[in-house]
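Residue-level structural notes
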Amino acid sequence: MSAVKKEIRKITTHVLRAMKEKGVKISMLTAYDFSFARILDDAGVDVVLVGDSASNVVHGHETTLPITLEQMIDHASAVVRAVKRALVIVDLPFGYYQGDSKNALKSAIRIMKESGAHGIKMEGGEFIAQSVHRIVSAGIPVMGHLGLMPQSIYKYGTYAVRAREEDEAQQLLDDAHSLEKAGSFALVLEKIPRELATRISSELSIPTIGIGAGGGCDGQVLVTHDMLGLNNEFSPRFLRRYANLYDVIREAVAHYIEDVKSHDFPNEDEAY
Ligand code: KIV
């Protein structure tokens with residue numbers, strides 16, 4: 001009797017496009033290591049983002065600026081080893097693509113070749129369109145990222161909602177169109193008014209994935225550490241917490257310490 005093999009339908013950029021066309025929402029979450037990536041993929045998330053938010057939640061930096069290309073490749077390689085179904089997208093970190101399109105292509109190729117990921121994400125609008133076009137022409141899928149762009153935090157000075165004013169909203173709309181024209185397969189919209197995100201989502205044929213951009217986007221993304229409550233200090237309005245793992249882990253660790261100190265662990269059954 002032959003074993004029945006369960007067919008895994010891998011998520012590709014084309015599948016995401018079809019999901020938008022059919023009105024099926026896209027789920028995206030961040031992962032930076034093997035264990036988390038395996039759980040996310042097993043649960044059925046569509047896209048795993050190896051975000052440069054690793055700089056904050058894994059490395060403890062205040063901003064996303066310090067993380068290096070080598071560190072991102074390391075995180076991405078571990079994630080790729082765990083994922084069987086989801087599309088794995090990796091952030092190009094600050095300083096490795098803003099210079100010129102040749103530099104950007106070189107960084108994107110390193111990520112694809114050394115980690116085995118399926119595509120990259122870049123922050124910025126019209127001014128990176130040439131780089132997007134060059135990277136896509138080399139066969140690498142590119143996800144754009146507009147609105148709040150954490151790599152530009154020192155330019156804006158605040159993590160507040162972007163594009164509330166008419167001129168910034170118009171610029172963002174133009175940027176979204178130029179990223180689509182340059183060949184991006186999807187676009188993250190971070191912390192912008194929901195009406196603007198809804199308008200962009202209906203004008204573009206590529207899927208939009210929102211974070212703090214309302215329900216009119218074609219999909220949603222959250223930082224996994226935030227939605228699981230591993231980090232209790234970060235509570236923006238857009239964040240829905242699905243667990244409180246900080247307390248769960250803290251309690252488990254305290255219990256373990258108590259058991260060790262009281263000679264309760266290990267017991268007879270837990271020894272050879
Ligand atoms: O780095 C990241 O985690 C991100 C998401 C917040 C979209 O860019």
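The structure reproduced in this document is the subject of the present report. Starting afresh in each chain, residues are numbered from 1 along the sequence in its written order. Whole-chain, interface and lining totals are the exception, using all residues; otherwise, since this is a predicted model, local features are given only for residues with pLDDT of at least 70 and side-chain atom pairs are given and counted only at 80 or more. The basis for every side-chain value is the complete set of non-hydrogen atoms in the structure, without hydrogens or water.

**Things to note about the nonpolar core**
Formed by 58 residues in total, the largest nonpolar core has its most connected members in Ile120, Met122, Ile135, Leu187, Leu189, Ile192 and Ile200. Among all residues touching leucine 187, those that are not within four sequence positions of it are Met143, Gly144, His145, Leu146, Ala176, Leu179, Ile200, Leu204, Ile206, Pro207, Thr208 and Ile209. Among the nonpolar cores identified, the runner-up in size contains 17 residues, and Val15, Leu87, Met143 and Ile209 belong to it. Here the nonpolar core consists of buried residues drawn from Ala, Val, Leu, Ile, Met, Phe, Trp, Tyr and Cys, with membership extended through side-chain atoms lying within 4.5 Å. Only protein chains enter the calculation, and the probe is 1.4 Å; a residue is then buried if its accessible area is under 20% of its type maximum, exposed if over 50%, and partly exposed in between. It only takes one pair of heavy atoms within 4.5 Å for two residues to be counted as in contact.

**Thoughts on the sheet that holds strand S7 (residues 208-211)**
DSSP bridges decide pairing: two strands pair if at least two such bridges lie between them. Runs of E in the DSSP output that reach at least two residues are strands. Runs of H or I that reach at least four are helices, and both are numbered from the N terminus. Spatial strand order, S1-S2-S3-S4-S5-S6-S7-S8: eight strands in a closed barrel with parallel pairing. With strand direction ignored, the average angle separating the axes of adjacent strands in the sheet is 25°. The axes used here are C-alpha line fits, helices contributing only the stretch in contact, and every angle between their N-to-C directions lies in the interval 0 to 180 degrees. Taken strand by strand, helix H5 (residues 101-115) contacts strand S3 (87-91) and strand S4 (119-123), and its axis lies near 140° from that of S4.

**Points about the pattern of salt bridges**
Whenever a carboxyl oxygen of Asp or Glu lies within 4 Å of a side-chain nitrogen of Lys or Arg, that contact is scored as a salt bridge. Scanning the entire structure with this criterion turns up eight salt bridges. A salt bridge links glutamate 114 to arginine 110; its shortest N-O distance comes to 2.7 Å. Here the residue glutamate 114 and the residue arginine 110 both occupy positions in helix H5, the gap between them amounting to four residues, near one helical turn. Put simply, Glu70, Arg110 and Glu114 are held in one network by salt bridges that share partners.

**Re a negative patch on the surface**
A patch consists of residues exposed above 30% relative accessible area that lack any salt bridge, with like charges linked at up to 9 Å and nonpolar side chains (Val, Leu, Ile, Met, Phe, Trp, Tyr) linked at up to 5 Å. For the accessible areas, the method is Shrake-Rupley and the probe is 1.4 Å, while residue cover comes only from the protein chains on display. His is not counted here, nor are the chain ends, while Lys and Arg score as positive and Asp and Glu score as negative. Lys charges are placed at NZ, Arg charges at CZ, Asp charges at CG and Glu charges at CD. Together, Glu258, Asp264, Glu268, Asp269 and Glu270 make up a region of like negative charge exposed at the surface. Relative to the helices and strands, aspartate 264 resides in the segment after helix H11 (245-261).

**Observations concerning the site of the ligand**
Taken together, Thr30, Leu49, Gly51, Asp52, Ser53, Asp91, Lys121, His145, Ile211 and Val223 make up the full set of residues near the ligand. Within the contact set of the ligand, an oxygen atom lies 3.0 Å away from a side-chain nitrogen or oxygen of aspartate 52. Measuring from an oxygen atom of the ligand, one finds a side-chain N or O atom of serine 53 at 2.5 Å. Here the term charged refers only to Asp, Glu, Lys and Arg, the term nonpolar to Ala, Val, Leu, Ile, Met, Phe, Trp, Tyr, Cys and Pro, and the term polar to all other amino acids, Gly among them. Tallied by class, residues from the shell around the ligand come to three nonpolar, four polar and three charged. Residue proximity to a molecule or strand is established when one non-hydrogen atom of the residue lies within 4 Å of it. Two N or O atoms count as a polar contact when they lie within 3.5 Å, although within protein this holds only if one can serve as hydrogen donor and the other as acceptor, and sequence-adjacent residues are included solely when both atoms are side-chain atoms.

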